[in-house]
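Breakdown of the fold
Residue-level listing of the chains:
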Amino acid sequence: MDRNRNQAVEPTLLGTVWRYRWLSLLIVIVAIIAGVDFTVTRPVSHVATASLVIEDPRTSTLFGSLGGLSPSRFLAEQVAMISSSAVAEQAAAMARENGASNMDVEAIFDGTRISATGETNFVQISFESPNADTAVIGANAVADAYQATRRLQALDSASSALSELDNKISALPADLA
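Residues numbered from 1 in each chain as written. Predicted model: local features only at pLDDT ≥ 70, side-chain atom pairs only at ≥ 80, totals over all residues. Heavy atoms only, no water.

Digging into a nonpolar patch on the surface
Rule in force here: Here the term patch refers to residues with relative accessible area over 30% and no salt bridge, with like charges joined within 9 Å and nonpolar side chains (Val, Leu, Ile, Met, Phe, Trp, Tyr) within 5 Å. What sets the accessible areas is the Shrake-Rupley method with a 1.4 Å probe; for residues, cover comes only from the shown protein chains. By definition here, a salt bridge exists when the distance from a side-chain nitrogen of Lys or Arg to a carboxyl oxygen of Asp or Glu is within 4 Å. Each residue gets one of three labels from its accessible area relative to the maximum for its type: buried under 20%, exposed over 50%, partly exposed in between, using a 1.4 Å probe on protein chains only.
On the surface, Tyr20, Leu23, Leu26, Ile27 and Val30 cluster together into a nonpolar patch covering about 500 Å² of accessible area. Look at tyrosine 20 and you get partly exposed, because its relative accessible area is 41%.

Structure follows, in structure tokens:
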């Protein structure tokens, strides 16, 4: 029995915390103060996200496939278009029309983050702002500006194809005569 009493007893974690309770309490208080300070002094930021599924119009037609670019290359080109200054200028104008009076091209570039998901043609346009309404307006403005730019490109392409066809049709009677 004396042998068990003479053996050194290893301290437990609870025993150590109790022994140094004032130091433990001080550490907990400092951690709480640091957490509250970080939470209170950190600027509030809101992020809004607009999601798009982008399809290459050249890859599917009514009567079959025309080919087109590889999906990853097409998606990379579309992400580059979303990030372009032309889309940013149009997005800034749209955002100002929708109530974000301080929105300019630089604010669009600074607040916009674009992420694309591999072969799925799924694009997320996120916009960060201190104001929640401005974040929503910014994300929607960038998405709408991209869609308007794509629509304008499609109209220009169709218009040039029609004018080329008209030129070929007008040249036909001269060839037949």
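Quick word on the side chain of threonine 149
The condition that has to hold: We count a stretch as a helix when DSSP gives it H or I for four or more residues in a row; a strand needs E for two or more, and each element gets its number in order from the N terminus. Residues count as neighbours in contact if any of their non-hydrogen atoms are within 4.5 Å of one another.
Residue placement: threonine 149 occurs in helix α7 (residues 132-176). Its relative accessible area of 15% is what places threonine 149 among the buried residues. Filtering out sequence-adjacent residues up to four positions away, threonine 149 remains in contact with Met81, Val87 and Gln90.

A closer look at the nonpolar core
Heads up, the condition is: We define the nonpolar core as a collection of buried residues of types Ala, Val, Leu, Ile, Met, Phe, Trp, Tyr and Cys that are connected through side-chain atoms lying within 4.5 Å of one another.
With 30 residues, the main nonpolar core has Ile54, Ile82, Ile108, Val123, Ile125 and Tyr146 as its most contacted residues. Mapped onto this core, the elements with two or more residues apiece are β1 (46-53), α4 (71-82), α5 (85-97), β3 (122-129) and α7. Considering each element in turn, this core owes the most residues, nine residues, to α7.

Quick word on the pattern of salt bridges
Taken as a whole, this structure holds one salt bridge when the rule is applied. The shortest N-O distance in the salt bridge between glutamate 164 and lysine 168 comes to 3.6 Å. Here glutamate 164 and its partner lysine 168 are both found in helix α7, four residues apart, which amounts to about one turn of the helix. On the basis of relative accessible area, glutamate 164 is assigned to the partly exposed category, the value being 46%. Given the relative accessible area of 51%, lysine 168 is considered exposed.

Considering the environment of serine 45
Quick note on the threshold: For the purposes of these results, a polar contact is taken to be a pair of N or O atoms within 3.5 Å, where, inside protein, one atom must be able to donate a hydrogen and its partner to accept one; residues adjacent in sequence count only when each atom of the pair is a side-chain atom.
Positionally, serine 45 belongs in the loop between α3 (21-41) and β1. For serine 45 and asparagine 131, which are 86 residues apart along the polypeptide, the C-alpha to C-alpha distance reads 7.1 Å. In this structure the side chain of serine 45 is engaged in a polar contact, spanning 2.5 Å, whose partner is the side chain of glutamate 128.

Let's talk about the sheet that holds β3
Heads up, the condition is: Two strands qualify as a pair provided DSSP detects at least 2 bridges between them. What counts as an axis is a line fitted to C-alpha atoms, over the stretch in contact for a helix, and the angles between N-to-C directions run from 0 to 180 degrees.
Pairing within the open sheet is antiparallel, and its three strands lie in the order β1-β3-β2. The open sheet terminates on both sides in strands that have one partner only, identified here as β1 and β2 (112-117). Sheet twist, expressed as the average angle between the axes of neighbouring strands with direction ignored, equals 20°. Here β2 runs beside β3; their pairing, made up of six bridges, is antiparallel. When the bridges of β3 are listed, threonine 112 appears paired with phenylalanine 127.

Interpretation in functional terms is not warranted from these geometric data alone.
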